[in-house]
Amino acid sequence: MDSTAHNFKKNAAGALNDAQLQRALAHVPRGFVKKRADAADALPEFERLRDQGRDIKNHVLEHLDIYLEAFEEKVVEAGGYVHWATTAEEARNLVVRLCLDREAETVTKGKSMISEEIGLNAGLEKVGIEPVETDLGEYIIQLRGETPSHLIAPAVHLNKDQIEADFRRVHTELPEERNLHEPASLVHEAREILRDKYLDADVGITGANFLIAETGTSVIVTNEGNGDLTQILPKTHIVIASIEKVVPTLEDASTFVRLLARSATGQEISNYTTFSTGPKRRGDPDGPNEYHVVLLDNGRSSMLGTEFQDMLRCIRCGACLNHCPVYQAVGGHAYGWVYSGPMGSVLTPNLIGVDEAGHLPNASTFCGRCEEVCPMRIPLPRMMRNWREREFEKHLTPFTIRRGLGVWAWFAQRPKLYQRVTALASRLLKWRAGSKGRMKNVPLADGWVKYRDLPAPQGKTFQQMWKERGNV
Amino acid sequence: MSENATRREEILGRIRSSLKVDPDAMDRLEVVADRLEDHKRNLVPERAVGTSAKNVKQFCQMMEAVNGTVEHVKSPSEIPGAISKYLRNHNLPQVIRRGSDPALDKLPWSKARTLQVSVGVARKDDEVSVSRAFAAVAETGTLVMTSGADNPTSLNFLPENHIVVVESGRVAGSYEDAWDVVRAVYGDGEMPRTVNLISGPSRTGDIEQKIELGAHGPRRLHVIVLNRPAGSK
Ligand code: SF4
C-alpha cells in the first residue's frame, strides 16, 4: 500500500473538519472503551493474564528463529507448504503466483492487515484476478476503494447512510425500492451477495492471529464466520502472516484468546476461533486440498534487539486505537498507511522508514492510556519518545520542534483548532466551559465538537504541564 | 538452494544477528524443545475450574449470554423429536443436513416422522444443519467442533440454522481441558484439519457498532445438551 504518512498534519486537519467522519468516530469511545472495561472487570485474573501474555511473547521473540523452524516443520508434516518472504513485494508476488498457478479467477479473502501491508488486492487485480473481501467492514471499504481505518473495525469511519448509498450504487441487480435503512437489512444484503462468491472462489486467503509451533496450526478469530467460509470452500487455502505471530503451544494460544477479544471488542471470546492445520485429511468431505502459509518479515527481524522489539508483542487488538484521544479525533486514515493509532505510530516508521512516517510518533498527547489498556503491556509512549529522539538526532524535525516547543507543536501550528485551544485562549475556554468542564462550541472545529464534548483545558497549556513534569 | 530456501536463510539469519545469538547454541534449542513438549498450562481462570455439573450449568448460561439457545434432553431417543419441534417453532422446513457421526446415525430418526434427514457436507440451499460437538468449554460457553466426515466443517457455517448436540460429559471447564481431549484422541502435537471454537451465532458490529446476528455464518445456534456421561468417540 502506498503511504501518505508524511502528510499526517494535512490529513489530520482534513479529518477534524470532516463532519461525516466525526459523526462516525463518535461511536468509538461510546462503544469499544466501555465494553473493554466491563470485560476486564468481569475476569478477576485479567491483569495477571496480561503479564503472562507479555512474558510468553518476550520468550518467543528471544527464540523466534527456532519457533519459526518448529512451526514450519509441523506445517510440512501435516501436508502444507511454508513460503518465506523478506519484503512486502516478495510476499505479494508469491501469493499472486500461487493464485495464477491455480488458474484462479476469483479469490475470497478473510480480514488481514498483512494483505493491506503487501498491497495484495492491487497485485491480484493487476493480473486479472478478482479479490473479494468477505468481512463485512472490508467488503464495504472495498466497494468504496478505501483502506481500513481500524485494525478490527475497518469501516468504523463510515455511517450507515453512506453504506446504504454504496450498496445502492453497486448492487444494481436488486430492486431499487428495497428498504436499506436498518443495519440489519444491509447485513442481510451483503450476506446474500457474498454467498455465491464463497462458493465460486478458487482460492481463499486469510490472515492469522496466531501460528502455533507445537502443531503447525494457523488461528483466525472472527465474529462473522466469513474467514471460515473463505477457507473451507475453495480448493486452496493461503494464510498470510508476519513472523512474530508464532506462539509455542495450544496452551499459550489459549492465554492470548482470553486477552484478545476482551481487549478488542469487550467480548469474552469472539464467536469463531478457528484452528487450521494443513490441508483436508483423507476421508474429509470438505476443506481445502492445499494449505500454504506465507511468512512475511518486511523489517520485523531488524526490530529485534532494538528499543522497538517490544512492539512485536502486538496482537492487533485495537485497544490502543480505541483509547487514544488523537485516534478518536482524526480516525485511522490520517495516519496515511496500514496501521494507525499508537501502535501505528510506533510500527509504521519501523516498517516503511522514519523519513516517510516520522511525523506519526508526534501524534500523541502522551496521556498513557494506550499503554494502560494494551493487553501485551507494550510501552507505546516510551517508544514514541524513542522515535522522536531519533528524529531529533537526525535533524529531520522541523525547526520549531527542535527548539523544544513540544509534542503538540505541529498541532498548535496548523489546524486552527489548537491555536484556539492552547496558549492564550486556554483560560478563556475554561471559563466558557463553566462548571461542567466540557465545551460544546470551539471556533473552527465544528466537525469535531458537534458529536462529542471536548474536555476543557485546565487553565494551563500542554507545554506548561509538560515542562512542569520535568520534560523539556 | 531454491529461492524459498534462500529467503528462509536470510530471514532466520537476520533474526539471529539481531538477537545476537549463535544458531547452534544448544541451550536455546533445548528451552524451546522442552516448552513444546511439556505444553504447560498458563494461568487458568478460576471460573473455568469446577465439577461437571457446574461446568454444564455455566456452559449453558454463557452460551445463552451470546445469543445461543439451549435445551436439555435425558435420552438420545428424544433428540429427533426435539429437533423437529425446534424447526416447527421457528417456522423452518422439516429438512436437516448432518454428517455421518455414529452417534447421530444411531438416533431413532424415524420417530420424528415429518423430518427429512440427509447426510453429507453443507450445500448452498441447506437451511438447517445438525452436528455433534467434540467437546464444549464452560469458561465462555464455547463449542469445540472437529472436522471430518462425522461432522463436516461446512455444516458449522453455511446453513442459516445450526443445531448442535453435546453430551453433558463432554463439557469441559477450560480451553486447556479441551486440548487435553484433542491430544488424547488425535495424538500429541497433532490436530484434525479444523478445530472450530464456536461461541454463539454469527454476528457483526461493522455498521456503526450495532450488533447484528447472522452476518455470514448461522443466524441461529441451538444447543441440545444430552445429560449423560461421555461415551466413546
Ligand atoms: S499495541 Fe497493544 S493495544 Fe495496541 S493493538 Fe497492539 S496489542 Fe492491542
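None of these values were measured; they are calculated from a predicted model.

1. Concerning the overall build of chain A
Consideration 1: A tally of helices and strands in chain A yields 25 helices and twelve strands.
Consideration 2: A burial count over chain A gives 64% of its 472 residues as buried.
Consideration 3: When contacts within chain A are restricted to residue pairs at least 6 apart in sequence, long-range pairs at least 24 apart make up 73% of them.
Consideration 4: When the accessible area of chain A is evaluated, it comes to approximately 17,100 Å², of which 50% is carbon and sulfur surface.

2. Quick notes on the environment of A:S3
Residues and elements named next belong to chain A.
Consideration 1: Inspection of the secondary structure assignment puts S3 in the segment before α1 (8-16).
Consideration 2: Sequence separation between S3 and G336 is 333 residues; the distance between their C-alpha atoms is 5.5 Å.
Consideration 3: For S3, the residues in contact, after removing those within four places along its chain, are G336, W337, I352 and E356.
Consideration 4: Within the structure, the side chain of S3 is placed 2.9 Å from the backbone nitrogen of A5, a separation counted as a polar contact.
Consideration 5: Side-chain polar atoms of S3 contact the side chain of E356, separated by 2.6 Å.

3. Here's the deal with the sheet that holds strand β5 (residues 210-212) of chain A
Consideration 1: If you trace the eight strands from one edge of the open sheet to the other, you get β8(A)-β5(A)-β6(A)-β9(A)-β9(B)-β6(B)-β5(B)-β8(B), paired in mixed fashion. Each edge of the open sheet is held by one strand with a lone partner, namely β8 (246-247) of chain A together with β8 (171-172) of chain B.
Consideration 2: With four bridges joining them, strand β6 (residues 142-146) of chain B and strand β9 (residues 194-198) of chain B adopt antiparallel strand pairing. Directly across from B:V144, in β9(B), lies its bridge partner B:L197.
Consideration 3: In the packing of helix α13 (residues 250-264) of chain A onto the sheet, the strands contacted are β5, β6 (217-222), β8 and β9 (272-276) of chain A, and the crossing angle to β5(A) comes to about 165 degrees.

4. Notes on the pattern of salt bridges
Consideration 1: Across all of its chains, the model carries 57 salt bridges over all chains by this definition.
Consideration 2: A:R23 serves as the salt-bridge partner of A:D161, at 3.4 Å between the closest nitrogen and oxygen. Of the two residues, A:D161 is situated in helix α10 (residues 160-170) and A:R23 in helix α2 (residues 19-25); the sequence distance between them amounts to 138 residues.
Consideration 3: A:K111 is paired through a salt bridge with A:E138; the nearest N and O atoms lie 3.0 Å apart. On the criterion of sequence distance, the pair formed by A:K111 in the loop between β2 (106-109) and α7 (113-117) and A:E138 in helix α9 (residues 136-144) is long-range, its members being 27 residues apart.
Consideration 4: When its relative accessible area of 2% is taken as the criterion, A:E138 is described as buried.
Consideration 5: Through salt bridges with shared partners, a single ionic network connects A:D65, A:E69, A:E72, B:R8, B:E9, B:R16 and B:R28.

5. Thoughts on the packing of helix α5 (residues 64-77) of chain A against helix α1 (residues 3-19) of chain B
Consideration 1: The contact between α5(A) and α1(B) brings their axes to 9 Å, and the two run at 150 degrees. Classed by the angle they form, the pair α5(A) and α1(B) counts as roughly antiparallel. Facing A:L64, A:D65, A:L68, A:E69 and A:E72 of α5(A), the residues of α1(B) in contact are B:R8, B:L12, B:I15, B:R16 and B:L19.
Consideration 2: Per-class residue counts for the contact of α5(A) with α1(B) are five nonpolar, no polar and five charged.

6. As for helix α11 (residues 183-200) of chain A
Residues and elements named next belong to chain A.
Consideration 1: Its 18 residues give α11 an end-to-end C-alpha distance of 26 Å, which sits within 8% of 26 Å, the value for a rise of 1.5 Å per residue.
Consideration 2: Taken as a whole, α11 carries its principal kink of about 25 degrees at L194.
Consideration 3: P183, S185, L186, V187, E189, A190, R191, I193, L194, R195 and Y198 are the residues of α11 that are buried.

7. Focus: the domain arrangement of chain B
Consideration 1: For chain B, the domain assignment lists domain 1 (1-38) and domain 2 (46-226).
Consideration 2: One C-alpha centre belongs to domain 1 of chain B, the other to domain 2 of chain B; they are set 41 Å apart.

8. A look at the side chain of B:R193
Consideration 1: Mapped onto the secondary structure, B:R193 falls in the loop between α7 (175-186) and β9.
Consideration 2: Buried and without a salt bridge, B:R193 has A:D284 as its closest oppositely charged side chain, separated by 6.7 Å.
Consideration 3: Among the polar contacts made by the side chain of B:R193, one reaches the main-chain carbonyl oxygen of A:G278 at a distance of 2.6 Å.

9. Notes on the site of the ligand
Consideration 1: Near the ligand there are 13 residues, and of these A:C314, A:C317, A:G318, A:C320 and A:C374 occur at the shortest range.
Consideration 2: Of the residues assigned to the shell around the ligand, the class counts are eleven nonpolar, one polar and one charged.

10. Regarding the confidence of the model for chain B
Consideration 1: Here chain B averages 95 in pLDDT, while 98% of its residues score no lower than 70.
Consideration 2: Interface predicted TM-score (ipTM) for the complex: 0.97; the corresponding pTM is 0.89.

Definitions and cut-offs
- Residues numbered from 1 in each chain as written.
- Chains lettered and ligands numbered in written order.
- Predicted model: local features only at pLDDT ≥ 70, side-chain atom pairs only at ≥ 80, totals over all residues.
- Heavy atoms only, no water.
- Helix = DSSP H or I, 4+ residues; strand = E, 2+ residues; numbered from the N terminus.
- Buried < 20%, exposed > 50% of the residue type's maximum accessible area, 1.4 Å probe, protein only.
- Contact = heavy atoms within 4.5 Å.
- Areas by Shrake-Rupley, 256 points an atom, 1.4 Å probe, with all protein chains shown as cover.
- Polar contact = N/O pair within 3.5 Å; in protein donor to acceptor, adjacent residues only side chain to side chain.
- Pairing = 2+ DSSP bridges.
- Axes fitted to C-alpha atoms, helices over the stretch in contact; angles between N-to-C directions.
- Salt bridge = Lys/Arg side-chain N within 4 Å of Asp/Glu carboxyl O.
- Parallel < 35°, antiparallel > 145°, perpendicular 65-115°, else oblique.
- Nonpolar A, V, L, I, M, F, W, Y, C, P; charged D, E, K, R; others polar.
- Expected span 1.5 Å × (residues − 1).
- Bend = angle between axes of the 7 residues up to and from the residue.
- Domains from an automatic or database assignment.
- Lys, Arg positive; Asp, Glu negative; His and termini not counted.
- Near = heavy atom within 4 Å.
- pLDDT = per-residue confidence, 0-100.

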